[in-house]
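Chains, contacts and geometry: an overview
Below, each chain spelled out in residue letters.
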Amino acid sequence: MLSGIVCRTPTRKVSPSGVPHCQFMLEHHSVQQEAGFSRKAWCRVPVVVSGKHLPNIIHHITIGAQITVQGFISNHQGSNGLSKMVLHAEQIDLMDSRG
């Protein structure tokens, strides 16, 4: 599970077999405890959403949206041959930013 802000415009595509895909970048900031000390944590993680089970939430994913993503991490190899870690979303929750 990872929470953060969508920081790059999502790309939406449909595969030749009709499966919808949405890809975006999630930026996470938090303070974590490690060895008894507070440590700032920060990362940007690419997220992939695939399948027809999340079509309504996909339309609400825009730059600046605060979300929580649950899923699994996998390795993707790009066309340039470089590998990167990608979070495959199985559940996405929009966080209420109105406080």
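Given the structure is predicted, the values throughout are model-derived calculations rather than measurements. Numbers given to residues run from 1 along each chain, matching the order in which its sequence is written. Restriction of local features to residues with pLDDT of at least 70 applies here, the model being predicted, together with a cutoff of 80 or more for giving and counting side-chain atom pairs; totals for whole chains, interfaces and linings are based on all residues. Side-chain metrics rest on all non-hydrogen atoms present in the structure, leaving aside hydrogens and water.

Before going further, it helps to examine the side chain of His28. Structurally, His28 is set in strand E3 (residues 20–34). A polar atom in the side chain of His28 sits 2.7 Å from the backbone oxygen of Ser3. Residues contacting His28, with those up to four places away along its chain left out, are Leu2, Ser3, Gly4, Ala41, Trp42 and Cys43. To qualify as a helix, a DSSP run of H or I must reach at least 4 residues; to qualify as a strand, a run of E must reach at least 2; elements of each kind are numbered from the N terminus. Here a polar contact is taken to be a pair of N or O atoms separated by no more than 3.5 Å, where protein atoms must pair a possible hydrogen donor with a possible acceptor and residues adjacent in sequence count only if both atoms sit in side chains. Contacts: residue pairs with any heavy atoms within 4.5 Å of one another.

Let us look at the environment of Ile73. Here Ile73 is to be found in strand E5 (residues 66–77). Separated by 16 residues in the primary sequence, Ile73 and Ala89 have C-alpha atoms spaced 8.8 Å apart.

The criterion for strand pairing is that DSSP finds at least two bridges linking the strands in question. In the sheet, E3 pairs with strand E4 (residues 37–50) via 14 bridges, with the strands oriented antiparallel. Counterpart to Leu26 in the pairing with E4 is Val45. In this sheet, strand E6 (residues 83–94) lies alongside E4 in parallel orientation, the contact comprising three bridges. Note on E6: the bridge partner recorded for Val47 is Leu87.

Another point: the confidence of the model for the protein. In this model, the protein carries an average pLDDT of 89, and 93% of its residues clear a pLDDT of 70 or more. When pLDDT is averaged over each helix and strand of the protein, the minimum, 72, is found for helix H1 (residues 55–58) and the maximum, 96, for strand E1 (residues 2–6). As a per-residue quantity, pLDDT reports the predictor's confidence and falls between 0 and 100.

The next thing to look at is unusual backbone geometry. A positive phi angle is found at Ala35, which is not glycine, with a value near 55 degrees. When you line up the elements, Ala35 lands in the loop between E3 and E4. Each residue is placed in one exposure class: buried if its accessible area under a 1.4 Å probe, protein chains only, is under 20% of its type's maximum, exposed if it is over 50%, and partly exposed if it falls in between. Overall, the relative accessible area of 73% leaves Ala35 in the exposed class.

What follows deals with the pattern of salt bridges. Whenever Lys or Arg places a side-chain nitrogen within 4 Å of a carboxyl oxygen from Asp or Glu, that contact is recorded as a salt bridge. In this structure the tally under the stated criterion is two salt bridges. Between Arg44 and Glu27 there is a salt bridge, and its shortest N-O distance comes to 2.7 Å. Residue Arg44 is located in strand E4, and its partner Glu27 is located in strand E3; the two are separated by 17 residues in the primary sequence. For Arg39, the salt bridge goes to Glu34, with nearest N and O atoms at 2.7 Å.

With respect to the element layout, His88 can be found in strand E6. His88 gets classed as buried once you look at its relative accessible area, which sits at 16%. In terms of polar contacts, His88 uses its side chain to reach the side chain of His76, at 2.8 Å. Not counting chain neighbours up to four residues away, the residues in contact with His88 comprise Val48, Gln70, Gly71, Phe72, Ser74 and His76.

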